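If you want the building blocks of each chain, they are given just below.
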Amino acid sequence: MINVLIVEDEPLIAEAHQTYLGRLEGFSVAGIAHTARDAMRAAAEAATTDAPIDLVLLDIGLPDASGIALASGLSGLRPIPDIIAITSERDLQMVRAAVGHGALAYLLKPFTFAAFRDRLDRYRRYREALPAGTDAASQAEVDRALAELRVSDKAVAPKGAAQGTNDEIARAVRDSDEGVTADAVAKQVGVSRVTAWRYLERLADEGTVTRHTDYGKAGRPKTRYQWR
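These lines cover the structure that appears in this document, whether it is placed above or below. (Residues numbered from 1 in each chain as written. Predicted model: local features only at pLDDT ≥ 70, side-chain atom pairs only at ≥ 80, totals over all residues. Heavy atoms only, no water.)

Formed by 22 residues in total, the largest nonpolar core has its most connected members in Leu5, Val7, Val56, Leu58, Leu70, Leu74 and Ile83. For this core, the secondary-structure elements that each account for two or more residues are strand 1 (2–7), helix 2 (36–47), strand 3 (55–58), helix 3 (67–74), strand 4 (82–87) and strand 5 (103–108). Ignoring any residue separated from it by four or fewer positions in sequence, one finds Val7 in contact with Ala33, Thr35, Ala39, Val56, Leu57, Leu58, Asp59, Leu62 and Leu70. By size, the runner-up hydrophobic cluster in this structure holds 21 residues, among which are Leu57, Ile86, Phe113 and Tyr126. (Core = buried A, V, L, I, M, F, W, Y, C linked by side-chain atoms within 4.5 Å. Buried < 20%, exposed > 50% of the residue type's maximum accessible area, 1.4 Å probe, protein only. Helix = DSSP H or I, 4+ residues; strand = E, 2+ residues; numbered from the N terminus. Contact = heavy atoms within 4.5 Å.)

Here it is as structure tokens:
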């Protein structure tokens, strides 16, 4: 079982990560921390037990310290936990800094459950390919293990969906405080209403967004989609 520490300052997002992990085999949530200080304490305490933290899902923008600084601190633990950065930070310098401080993957918010599952499944296969306490048999074995972490658009895009369009529609929902209809998303993204509806329904089926029905005074009720 892979012990995971969720580090996220937004309680609802942290809860969503926990829910997602609960849908995956081989992962266990060891704890949730909303600050860098609490995360460092939790990881350090776990390192002294027989159940250390294996993986940290790390938000870069924490209220008391940068996630990069936390990653640097985590590198001093033994065993060193692996890191997957899950953040809305898109600055390329920040991406390089996260990778330079040990992040094996970088998952941008908003994302679908399919993208989350793909990253975690790849990480699990990477660990299985390079088990702790053993030596690599060859360079090829190391290369195959590292290849498990590489991701392509085809790996995360649902069948019949374009990843770019999926991301744009997901952002449109996330950026709306009160939720949006398929008509509004279609106009914002520049696709047909049917296309917007199809992507929104897929996001709802995955649990990324929720559906709410608005019953107006006149006309047919409209479905409003809101970020979970």
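Turning our attention to the side chain of His17. Its place among the elements puts His17 in helix 1 (residues 11–22). The residues touching His17, leaving out its near neighbours within four places in the chain, are Ile6, Glu8, Ile86, Phe111 and Phe116.

Here we take up helix 8 (residues 163–174). In this model, helix 8 (12 residues) spans 16 Å end to end at C-alpha, consistent with the 16 Å of a helix rising 1.5 Å per residue. The complete set of buried residues in helix 8 reads Gln163, Asn166, Ile169, Ala170, Ala172 and Val173. (Expected span 1.5 Å × (residues − 1).)

What follows is about unusual backbone geometry. At the junction of Arg78 and Pro79, the peptide bond is cis and its omega measures out at 0° in the coordinates. Structurally, Pro79 can be placed in the loop between helix 3 and strand 4.

Before going further, it helps to examine the environment of Trp197. One can find Trp197 in helix 10 (residues 193–206). Classification of Trp197 as partly exposed rests on a relative accessible area of 42%. In this structure, the C-alpha to C-alpha distance between Trp197 and Asp183, residues 14 residues apart in sequence, is 8.1 Å. Beyond its immediate chain neighbours, meaning those up to four positions away, Trp197 contacts Ala182 and Tyr225.

Below, the discussion takes up the sheet that holds strand 6 (residues 180–181). Pairing within the open sheet is antiparallel, and its 3 strands lie in the order 6-8-7. A single partner strand is all that each edge strand has here, and the edge strands are strand 6 and strand 7 (209–214). Examined bridge by bridge, strand 6 and strand 8 (residues 222–227) share 2 bridges and lie antiparallel to one another. Of the residues in strand 8, the one forming a bridge with Val180 is Tyr225. Contacts from helix 10 reach strand 6, strand 7 and strand 8 within the one sheet, and its direction differs from that of strand 7 by about 115°. (Pairing = 2+ DSSP bridges. Axes fitted to C-alpha atoms, helices over the stretch in contact; angles between N-to-C directions.)

The subject of this paragraph is the pattern of salt bridges. Across all of its chains, the model carries 11 salt bridges by this definition. Put simply, Arg124 and Glu128 hold a salt bridge, and the shortest N to O gap is 3.4 Å. Here Arg124 pairs with Glu128, and both are found in helix 5 (residues 113–129), just 4 residues apart, close to one helical turn. Under the relative-accessibility criterion, Arg124 is labelled partly exposed at 23%. Using a relative accessible area of 52% as the deciding quantity, one classes Glu128 as exposed. Put simply, Arg193 and Asp183 hold a salt bridge, and the shortest N to O gap is 3.0 Å. On the criterion of sequence distance, the pair formed by Arg193 in helix 10 and Asp183 in helix 9 (residues 182–189) is long-range, its members being 10 residues apart. In this structure Asp183 comes out as partly exposed when scored by relative accessible area, which is 31%. By sharing partners, the salt bridges in this structure join Asp54, Asp82 and Arg127 into a single network. (Salt bridge = Lys/Arg side-chain N within 4 Å of Asp/Glu carboxyl O.)

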